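# Architecture at a glance
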Amino acid sequence: MTCQPLRTMILHQIFLSLFWVNQPSPCYTETRFRRTSDYQVKDVLGYVSESDGKLLHRQKRGWMWNQFFLLEEYTGSDYQYVGKLHSDQDKGDDSLKYILSGDGAGTLFVIDENTGDIHATRRIDREEKASYTLRAQAVNRKTGKPVEPESEFVIKIHDINDNEPTFSDEVYSAYVPEMSDIGTFVVQVTAADADDSSYGNSAKVVYSILQGQPYFSVDPDTGIIRTALPNMNRENREHYQVVIQAKDMGGQLGGLSGTTTVNITLTDVNDNPPRFLQHTYHFSIPESSPVGTTIGRIKAADADIGKNAEVQYRITDGDEMNMFDIVTDKFTQDGIITVRKYLDYETRRLYTLKVEAMNIHMDPRFYYLGPFKDTAAVKISIEDVDEHPIFSRPSYLFEVLEDIDIGTIVGTVMARDPDGASSPIRFTLDRHTDLDRIFNIHSGNGSIYTSKSLDREISQWHNLSIIATEINNPKQATRVHVYVKVLDVNDNAPEFATFYDTFVCENARAGQLIQTISAIDKDEPPGGQKYFFSLAAVNPNFTVQDIEDNTARIVTRRNGFNRHEISNYLLPVVISDNDYPIQSSTGTLTIRVCACDNQGNMQSCNAEALLLPAGLSTGALIAILLCIIILLVIVVLFAAMKRQRKKEPLILSKEDIRDNIVSYNDEGGGEEDTQAFDIGTLRNPGAMEDKKLRRDIVPETLLLPRRTASAPDSTDVRDFINQRLKEHDVDPTAPPYDSLATYAYEGNDSIAESLSSLESATTESDHNYEYLKEWGPQFNKLAEMYGGGESDRDL
């Protein structure tokens, strides 16, 4: 990067420095390198110091070098010469050999062992390593012994301007509020130079702006970017691209440079008021629109963004009845006008509103720009629609006494057509709300009257639904709820609250309490119930004492009662209320006379108990009853056993094999059957004639059932059954199960044959039924019916 004259000048300066530092100096007491060898010749020179007049000594140096300097980035074709090492022991007879060791010795740095010349074998970059420490030694070529002790020296790499300044970021992003004053800090950029900052100006960086003027400026020393123009408006221009250059050598000609880009964005401030896009807005809406319906949207535009553009709307004039409302759409910042109350075309047809839009977040620095709000006029036209009838009340409540006559008017509902061309109204009663048809309504005037009697005790409330319909447009109908409360009338007499099981002891005394009674009434007078108790007539045995708390006491009037003479007393009690008209009823108490112990506990109330012997207790009566029941059971069992003995036993011998087959309950052989199974059916030769085929498989060939010889009567039954089982095990036509029922035989045909009249009717000859009389008395009736003469047949 440098020219040849500059390199020559620098080398000349290095050589002069080397020459100077190797010259004796009278100002120091010792040399830079300490001599350590005992073989070196010592010359002691004495001189007087100028400072204190003392005799000073100087030791002669053994090496002829001090420190070497090497220029970096050498581009020559030959090795770069570093310096020469020479010992004062070298006589020039090639008896010494120079050896180099340390950083880069033998690779980066090489030495001529004869002359001591040091060269660099390749180009050196100071930014990689600024200095190298090496060790030199002179040894006898023949013996290899050192003639000088090993000494260190340093090769320093001289810097050249071979690195351009580099920014920490290739692209910077910065933000600054719009409308900022001149000199407002934006961002600081920094560039670094890898060259040696302690040597020359190679690393001295100066900043300048290449692009972005006149809006921004940069400090040449610090790299701080600031605004250079006042009142930069984001709404006019939001983004700026600034190019900053960093140049070394203090910015002088020939220095290296680097650049970076800074993207600067102006952030928004609230410096713009909202403005309506038009001064007047027109909307229309049907009068039947429900509350909350959107009428329309208005817009106050704001050039700002974000929270600086947030707008709040409000109605400032023209809505004295609070019929409308306006809210802000948070996403679009539109003003949404909605219906707040029900509209009526017949009442008002046009509304003119004054709407104001104002910023929510304002900056006091920009108040001078004017008011941050705007106004507009909004005209809303109400459209007429055919409305449904409107009742005079949202609901009706009527109160009526329960004793009114049928046809009495309970109340009247009123409705009208709100349209300009008023239509007549017809009223109807929804029968789903009056299933019992207790009420009715006049269709013309809305009068509700009774069609049946009312009873508060059955139903106190009646919830009706009345429908008002326009006669000209039956589709326009409105419902209203009518609540009819039935008021109480004292039309029910009080009665006993419950059934009373009252008794009096035979040993009762006069004035003894035997029962406390109370009453209930279905009516509910406003002041509460009040009952009065009295007797229908004077009773010599009992009396009623009214306690005046809606209860009364039944008290005896004499001593002693005899249940054998009178077991029950009937006491009529009159109960009256205090409402108007007074209602009363008579309830009858049945008072039993019972035997009691000394404490008044009832023991018995039956008059028949007096006929039993004295002293017979309840336990004795129970024991007698149990004995009677046991005797009856024994008699019944005895009768049953006796009847069983009369029947002829089925099994005559214990060895009869049939008593093992009774449990099968087979039906047996028809009329010849007995109560047990007849084993003879197993030996019947006809039992095996009709064999059934298997039901679970289809036989390949139809095999005719073979007839087996019948077993003689003397054959043992067990052998007979085993033989049949073997035959069926190998028979493919046998059923899939084997049981005794397979060999069942119902017996021979009945000698009576069929008794059905259907079969006999097919024969033309007369049939003689006289033999029926031979069957026994039980067939006499049947013989008379069929054995009669011609008169019977005519019947």
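Residues numbered from 1 in each chain as written. Predicted model: local features only at pLDDT ≥ 70, side-chain atom pairs only at ≥ 80, totals over all residues. Heavy atoms only, no water.

### Some remarks on the state of the cysteines
What counts, and what does not: In this description, the term disulfide denotes a pair of cysteine sulfurs within 2.5 Å. Counting from the N terminus, the helices are the DSSP runs of H or I reaching at least four residues and the strands are the DSSP runs of E reaching at least two. Burial here depends on accessible area, computed with a 1.4 Å probe over protein chains only, as a share of the maximum for the residue type. Under 20% is buried, over 50% is exposed, and the range in between is partly exposed.
Inspection of every chain in the model, using the stated rule, returns two disulfides. Here Cys505 engages in a disulfide with Cys596; their sulfurs sit 2.1 Å apart. What sets the handedness of the Cys505 and Cys596 disulfide is the S-S torsion sign, and at about -85 degrees it is left-handed. Of this pair, Cys505 sits in strand E37 (residues 502-505) while Cys596 is found in strand E43 (residues 584-596), placing the two residues 91 residues apart along the sequence. By the burial criterion, Cys505 is buried, and Cys596 matches it. Here the disulfide map of the protein reads 1-3, 2-4, the bonded cysteines being numbered as they appear in the sequence.

### Considerations on the packing of aromatic side chains
Note the threshold: Ring pairs are drawn from Phe, Tyr and Trp, using the six-membered ring of Trp, whenever the two centres fall within 6.5 Å, and their geometry is named by plane angle: stacked under 30 degrees, edge-to-face over 60, tilted for the rest. By the criterion adopted, a ring carries a charge over it if an Arg CZ or a Lys NZ lies within 6 Å of its centre and within 35 degrees of its normal.
This structure, assessed with the given rule, holds 15 aromatic pairs. Both rings, one in Phe109 and one in Tyr132, keep their centres 5.2 Å apart while their planes meet at 70 degrees; by these two values the pair is edge-to-face. With a gap of 23 residues between them, Phe109 in strand E6 (residues 109-111) and Tyr132 in strand E8 (residues 131-140) connect regions that are remote in the sequence. With relative accessibility at 0%, the residue Phe109 sits in the buried group. Cluster of aromatic residues (ring-pair linked, three or more members): Phe391, Tyr396, Phe398 and Phe427. Looking at Arg237, its charged tip hangs above the ring of Tyr215, at a distance of 5.3 Å from the centre.

### Concerning the nonpolar core
The line we're drawing: Put simply, a nonpolar core is a bunch of buried Ala, Val, Leu, Ile, Met, Phe, Trp, Tyr and Cys residues held in one set by side-chain atoms that sit within 4.5 Å of each other. Contacts were defined at the residue level, with two residues in contact if any of their heavy atoms lie within 4.5 Å.
With 24 residues, the main nonpolar core has Phe276, Ile298, Tyr313, Phe324, Ile337, Val378 and Ile380 as its most contacted residues. The set of elements that each furnish at least two residues to this core consists of strand E20 (280-286), strand E21 (294-301), strand E22 (311-317), strand E23 (324-328), strand E24 (334-339), strand E25 (350-359) and strand E26 (373-383). Setting aside residues up to four positions removed in sequence, Phe276 forms contacts with Tyr281, Ile298, Lys299, Ala300, Tyr313, Val355, Glu356, Ala357, Asp374, Thr375 and Ala376. Among the nonpolar cores identified, the runner-up in size contains 23 residues, and Phe391, Ile404, Leu464 and Ala468 belong to it.

### What about a nonpolar patch on the surface?
How we decide: The patches reported here contain residues having more than 30% relative accessible area and no salt bridge. Joining distances are 9 Å for like charges and 5 Å for nonpolar side chains (Val, Leu, Ile, Met, Phe, Trp, Tyr). Surface accessibility in these figures is a Shrake-Rupley result with a 1.4 Å probe; residues are shielded only by whichever protein chains are displayed. Any carboxyl oxygen of Asp or Glu that lies within 4 Å of a side-chain nitrogen of Lys or Arg is treated as forming a salt bridge with it.
Among the surface-exposed residues, Ile622, Leu625, Leu626, Ile629, Val633 and Leu637 lie close enough to one another that they form a single nonpolar patch of about 560 Å² accessible area. Here Leu625 is to be found in helix H2 (residues 618-646).

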